[in-house]
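Structure at a glance
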Amino acid sequence: MKKLILLFLISLISCQPAVKGVSEKKDKNTGLIANKAMVVSAREEASRIGLSILRKGGNAFDAMIATEMALAVAYPFAGNLGGGGFMVYRKADGSTGSLDYREKAPLAASKRMYQDAEGNVISEKSKIGGLAVGVPGTVAGIFAVHEKFGSLPMPEILKPVIALAKRGFVVTEHQAENLQKYRELFLKVNNDSILFSKAYMAGDTIHNLELANTLQQIAENGRKEFYNGSIGRELVNYLQAHGGIMTMEDLAEYRAQWRDPISVKYKDLKLISMPPPSSGGIVLGQILKMVEPFPLKEFGHNSEKTIQVLTEAERRAYADRSYYLGDPDFVNIPTDTLLSDSYLKNRMDKFSFTKATPSSEVEHGEIAGYESMETTHYSIVDQYGNAIAATTTLNGAYGSKLFVPELGFFLNNEMDDFSAKPGFPNMFGLIGAEANSIAPGKKMLSSMTPTIVEKNDKLWMVLGSPGGSTIITSVLQTILNVKEFGVTMQEAVDAPRFHHQWLPDEILFEPEGFDEKLLNSLQEKGYNINVGESTVIGKVDAILVLPDGRMEGGADRRGDDTAVGF
């Protein structure tokens, strides 16, 4: 009888469900394993082209250029020549750095350019059409990388990308749905049909011969073709015909900038991430430092207490983001103080597990004296030990929706990432203040968070994500999933996510990933719960270096993301 009871109890225990989104130890979901090199991006074509450059003997920086441009061909939703981005790197010798190739406001831009005579914000102007476009930085970015670290000739790097544009890429289910969704808007904004306004179905092939020609000119003539030559003139003429204010002077003055990355310690980890004008590194660092004293592993993955701790830290960090962060070439940012232990300890003083802290009671911290769903990220580790984390964007889906037909690419709507008016939210609901107001030549604040993580002074993880304001929290939770909860890279990327950004005062949860009883309990404690029907929070692409030196790729299940390696 006792044996029967014991067997019954054992059977009950074994039937208990694992934490949603995280496999049990005995049934791990492991991503692609590679011995020497790996590329993870939003499209298989881009990942494979990046890897082909590594197979030729190129390094991670050569592969970065090829992957970036291949995404411009096969993933026009966010991959681009008409946008910008950020890159963080770690070389095999341990040296690190970051590149800012973020877009800029045109010289004719003004602080109130999206307000009417009464001061009301006309939000459509910063999102759609010519006036929404910032000066593109992507082409300057790839040439800056090539000049400093490239090992293969640029024509050789771009050759497979040009071939891809000519032979075409196959439309996926995700792409077919997105193209259909924006088809009418493409026709309206461009006043004509464009390559991507046709009724494509999954399995169709899109050939972009104009983009192939543009890339060929860039390969042959270099950076100047885009910023001082015929490509630039075509871009400016098209833009001005559609209400834009960009000039050839804006293009000629653009420069990508090398910056010192944000470096933050979390337990035995060191995070190297993007500094302003990205908010990613500072906000990620703030959240990690605020949650470090709490025993998250003991609380459990996506448990009530873990969600509370992360939510309250996110609430406070995003409040600081809204007030203090902007383009460091235009505003003074108290980075050291924002990341100091004493400041962040005080920020969590009023936190309690018994009830939520309303965002109305959380403003930016007092200091003495003083982004997009439609982004894309890729991670690269080469056979030499160099690592790249790069995030690039047009901002909204297909940016401003303006497509230059003779050049074959979309233009960004990055101007929406400025604060059109203090206290007025952008398309991601992020509130801005004076630090992120519009000024000629200024770079708009971003949430992009390309990040490299060291463990015991060795390369451990490379990751980043699209997702506008949810980028930072997606990267945060992915790191914690591996570090605190011991899951594989693929499991960490696939696990359901949640997000809080101060305002609006709500926790956004991915659907079907969280138990209703848990959500009800949080609600009873004063948290506002929002479970979006089809909400996707981030699409993380990551690489984890395993203890034996091999690499595991994490390609997000939420998209067409693919890891390849050898």
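Residues numbered from 1 in each chain as written. Predicted model: local features only at pLDDT ≥ 70, side-chain atom pairs only at ≥ 80, totals over all residues. Heavy atoms only, no water.

Points about the packing of aromatic side chains
Counted under the stated rule, the structure contains 26 aromatic pairs. For the ring pair Phe77 and Tyr398, a centre distance of 5.3 Å and an interplane angle of 90 degrees mean the geometry is edge-to-face. Judged by its relative accessible area of 11%, Phe77 is buried. For the ring pair Tyr398 and Phe410, a centre distance of 5.2 Å and an interplane angle of 50 degrees mean the geometry is tilted. (Phe/Tyr/Trp six-rings, centres within 6.5 Å; stacked < 30°, edge-to-face > 60°. Buried < 20%, exposed > 50% of the residue type's maximum accessible area, 1.4 Å probe, protein only.)

What to know about the UniProt feature "active site" (unreviewed entry) in the chain
In the numbering used here, UniProt assigns the "active site" (unreviewed entry) feature to Thr375. You can see Thr375 is positioned in strand β10 (residues 375-381). Among all residues touching Thr375, those that are not within four sequence positions of it are Ala78, Thr391, Thr392, Thr393, Asn395, Met448, Pro466, Gly467 and Ile471. For Thr375, the side chain forms a polar contact with the side chain of Thr393, separated by 3.1 Å. (UniProt positions renumbered as here; feature names shortened; annotations may be inferred. Helix = DSSP H or I, 4+ residues; strand = E, 2+ residues; numbered from the N terminus. Contact = heavy atoms within 4.5 Å. Polar contact = N/O pair within 3.5 Å; in protein donor to acceptor, adjacent residues only side chain to side chain.)

Here's the deal with the UniProt feature "binding site: L-glutamate" (unreviewed entry) in the chain
According to UniProt, the feature "binding site: L-glutamate" (unreviewed entry) maps to Arg102, Thr393, Leu394, Asn395, Asp417, Ser446, Ser447 and Gly468 in the numbering used here. On the secondary structure map, Asp417 appears in the loop between β13 (409-410) and β14 (451-455). A distance of 2.7 Å separates the side chain of Asp417 from the side chain of Arg102, its partner in a polar contact. Relative to the helices and strands, Ser447 is located in the loop between β13 and β14. One polar contact links Ser447 to Arg321, side chain to side chain, over a distance of 3.1 Å.

A word on the sheet that holds strand β21 (residues 562-565)
If you trace the seven strands from one edge of the open sheet to the other, you get β7-β4-β3-β11-β10-β2-β21, paired in antiparallel fashion. Two strands bound the open sheet, and with one partner strand each, they are β7 (257-259) and β21. Direction aside, neighbouring strands of the sheet carry axes that sit 15 degrees apart on average. Relative to β7, strand β4 (residues 96-101) runs antiparallel, the two being bridged by three bridges. (Pairing = 2+ DSSP bridges. Axes fitted to C-alpha atoms, helices over the stretch in contact; angles between N-to-C directions.)

Details of the packing of helix α3 (residues 60-74) against helix α4 (residues 138-149)
Where α3 meets α4, the axes come as close as 9 Å, and the angle between the chain directions of the two elements is 165 degrees. As summarised for this structure, α3 and α4 are arranged roughly antiparallel, according to the angle between their axes. Crossing of α3 against α4: the hand is left-handed. Where α3 approaches α4, its residues Phe61, Asp62, Met64, Ile65, Glu68 and Met69 are matched on the opposing element by Thr138, Ile142, Val145, His146 and Phe149. (Parallel < 35°, antiparallel > 145°, perpendicular 65-115°, else oblique. Left-handed = near helix turned anticlockwise from the far one by under 90°.)

Observations concerning the pattern of salt bridges
Across all of its chains, the model carries 22 salt bridges by this definition. Residue Arg90 is joined to Glu454 by a salt bridge in which the shortest nitrogen-to-oxygen separation is 2.7 Å. Summarising the burial analysis for this pair, Arg90 and Glu454 share the class buried. Counted as one network, the salt bridges with shared partners bring together Asp100, Arg259, Asp329 and Lys443. (Salt bridge = Lys/Arg side-chain N within 4 Å of Asp/Glu carboxyl O.)

Observations concerning the sheet that holds strand β9 (residues 269-273)
One open sheet holds the seven strands; their spatial order is β1-β20-β19-β15-β14-β9-β8, and the pairing between them is antiparallel. Each end of this open sheet is capped by a strand with a single partner; those strands are β1 (33-34) and β8 (262-266). Looking at chain direction, β1 and strand β20 (residues 551-555) are connected through two bridges and run antiparallel. Within the sheet, the bridge partner assigned to Ala34 lies in β20 and is Met551. Its contacts with the sheet place helix α11 (residues 280-291) against β8, β9 and β14, and it is angled at close to 15 degrees to β8. Set on the sheet, helix α16 (residues 471-483) makes contact with β8, β9, β14, β15 (458-464) and β19 (541-545); between it and β15 the angle comes to about 140 degrees.

A short note on the confidence of the model for the chain
Detailed reading of predicted coordinates is not advised where the pLDDT is low. Across the chain, the average pLDDT comes to 92, with 92% of residues at or above 70. Throughout residues 1-26 the model reports pLDDT below 50, and contacts reaching past four residues in sequence, or to other chains, amount to 19 contacts. (pLDDT = per-residue confidence, 0-100.)

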